[in-house]
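Given next are the chains, with one letter for each unit.
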Amino acid sequence: MEQFYLNKNKIAILGGGPAGIYCALNILFLFYSQNFFDFSIDIFDKGEILRTLIPTGNGRCNISNSISDIKDFVLNYPRGDKFLYSVFSRHFNYDSLDFFNSLGIKTYTEADGRIFPVSQSSKDVRNKMLKKLFSYKNVRFINKKIISQNDLTDYNKIVVAAGSRGVENLIVSFGHKYIKFEKSLCALNILNNIYPKGVSVKTLDGDFVFTDKGISGPLAFKISSINAFSDFPYDIKIKLFNEEKLFQLAELYPKKSAGSIVASLIPRSLAKVIVKDYYKNICEISKSELKQYSILQLTVVSKANVGEIVNAGGINLDDVDKNCKSKICHNLWFCGEILNIDGFCGGFNLQNCWSTGYVVAKDLVSSIMKDMV
Ligand SMILES: Cc1cc2nc3c(=O)[nH]c(=O)nc-3n(C[C@H](O)[C@H](O)[C@H](O)COP(=O)(O)OP(=O)(O)OC[C@H]3O[C@@H](n4cnc5c(N)ncnc54)[C@H](O)[C@@H]3O)c2cc1C
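First, a word on what this report is: a plain description of the structure on this page. (Residues numbered from 1 in each chain as written. Predicted model: local features only at pLDDT ≥ 70, side-chain atom pairs only at ≥ 80, totals over all residues. Heavy atoms only, no water.)

This part covers the layout of surface pockets. If you add up the space inside the second largest pocket, you get close to 270 Å³. Around the second largest pocket, the lining residues are Y195, I274, K276, S288, K291, Q292, Y293, I295, L296 and Q297. Among the elements of the structure, α11 (287-292) and β13 (295-315) are those that each provide at least two residues to the lining of the second largest pocket. (1 Å grid on protein atoms, 1.4 Å probe; cavity = no way out; pocket = protein on both sides within 12 Å on 5 of 7 lines; lining within 4 Å. Points joined across faces, edges and corners; volume = space filled by probe spheres on them. Helix = DSSP H or I, 4+ residues; strand = E, 2+ residues; numbered from the N terminus.)

Okay, here's the thing in structure tokens:
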């Protein structure tokens, strides 16, 4: 134990989630690549290390997304897009895939661009990351809840990667302000839920499913993300199908009922709810009325506790530099979800952890190397 502390460069990483562990691994790689070994890393977590990686992608770990242009990639972050543009220009999805490949984690891309490990197992990703991490002598895991900055006075470099749950007081203890955390990527409860429960709907805006109390699925998560800070109730409009398609069908089959024609474009059970004159011949219905059937208007009343749930809000990006280093407190960095950065479903939140974790590692390592000369 004593031996472990016989160095000048004591690094604390607060949080053993994806961001903290990716950062730790990169600190190790960067130091070792420069034959520098005079450092120690203590990783603090109140729970089991990397346990938050296990439920990702329903246990399959949607590790990143294959969008190749950074400009397009950052469109998937309602908060933090500009900041990430600079971060991604230094460490992007292909860099993370190279990193995982070097740990023996091979990946593949699904048709929609989501990237998964070939093992389809987040446990496998976790095990391989931890195996590599603990193959180094310079690193220790300490199972402890950190209450405030005062618990870390022995360290000369601190990385806070504590995620976004119950971290408000911790942030304040470092002299930082935070933007209030708000749940995102969750299911939504709606007013007057007359819709067919369990029915999945493919729309022009994305896919969703009706639940007991509202809507869930990718489109619902995206809407919750865009509106993370909206007051309730708020109205949303979902474009179910192209109205031109309905007009064409109406011309082709004027004597068919409006309901049956709409039901050829969306699930019949939904058509039954939204088409007022279900059995009327479609030719008797005006174009403007038909057009209304192409849009589903809902009133969202609250968030549900279901989803990939990440939190919008966190460390104000104005208070950190481009390397996620605090402008307020010396020798302090932040990475991952604790920053006011959050993305849509599709691997974007983990990519935030990987990329901010990397830039922190790089900057922290150069700051130690500079101190040495
Ligand atoms: C069900 C689910 C599925 C998801 N699936 C995906 C997916 O497939 N792809 C994707 O990109 N994103 C996904 N996400 C989002 C992604 O998991 C998170 O964005 C990511 O885990 C954030 O990583 P982090 O390291 O910043 O924080 P966290 O994962 O929250 O880790 C922070 C760690 O810090 C520890 N900690 C906090 N406070 C203290 C303290 N005071 N003292 C000591 N330790 C502390 C915590 O115990 C925790 O282990 C999913 C999220 C959920 C909930």
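This part takes up the packing of helix α1 (residues 18-33) against helix α5 (residues 122-133). Packing of α1 against α5 brings their axes to within 10 Å, and their N-to-C directions diverge by 35 degrees. Viewed along their axes, α1 and α5 form a crossing whose handedness is left-handed. Taking contact as the criterion, the partners of I21, Y22, A24, L25, L28 and F29 in α1 are, on α5, M129, L130, K132 and L133. For the contact of α1 with α5, the class distribution of residues is nine nonpolar, no polar and one charged. (Axes fitted to C-alpha atoms, helices over the stretch in contact; angles between N-to-C directions. Left-handed = near helix turned anticlockwise from the far one by under 90°. Contact = heavy atoms within 4.5 Å. Nonpolar A, V, L, I, M, F, W, Y, C, P; charged D, E, K, R; others polar.)

Close contact between α1 and helix α12 (residues 348-372) brings their axes to 8 Å; oriented N to C, the two are set at 40 degrees. By the angle between their directions, the pair α1 and α12 is classed as oblique. Here the hand of the crossing between α1 and α12 comes out right-handed. Between α1 and α12, the contacting residues are P18, A19, Y22, C23, N26, I27, L30 and F31 on the first element and L350, C353, W354, G357, Y358, V360, A361, K362, L364, V365, I368 and M369 on the second. (Parallel < 35°, antiparallel > 145°, perpendicular 65-115°, else oblique.)

A few words on helix α4 (residues 93-102). Every buried residue belonging to α4 is among N93, S96, F99 and F100, and all of these are buried. Taken end-on, α4 shows its buried residues confined to a sector of 120 degrees, consistent with a single buried face. Seen from the open side of α4, the exposed residues pointing more than 90 degrees away from its buried face are Y94 and D98. Against α1, β3 (64-65), α2 (70-73), α5 and α12 lie the buried residues of α4. G104 lies just past α4 and shows a positive phi near 85 degrees. (Buried < 20%, exposed > 50% of the residue type's maximum accessible area, 1.4 Å probe, protein only. Arc of directions from axis to C-beta.)

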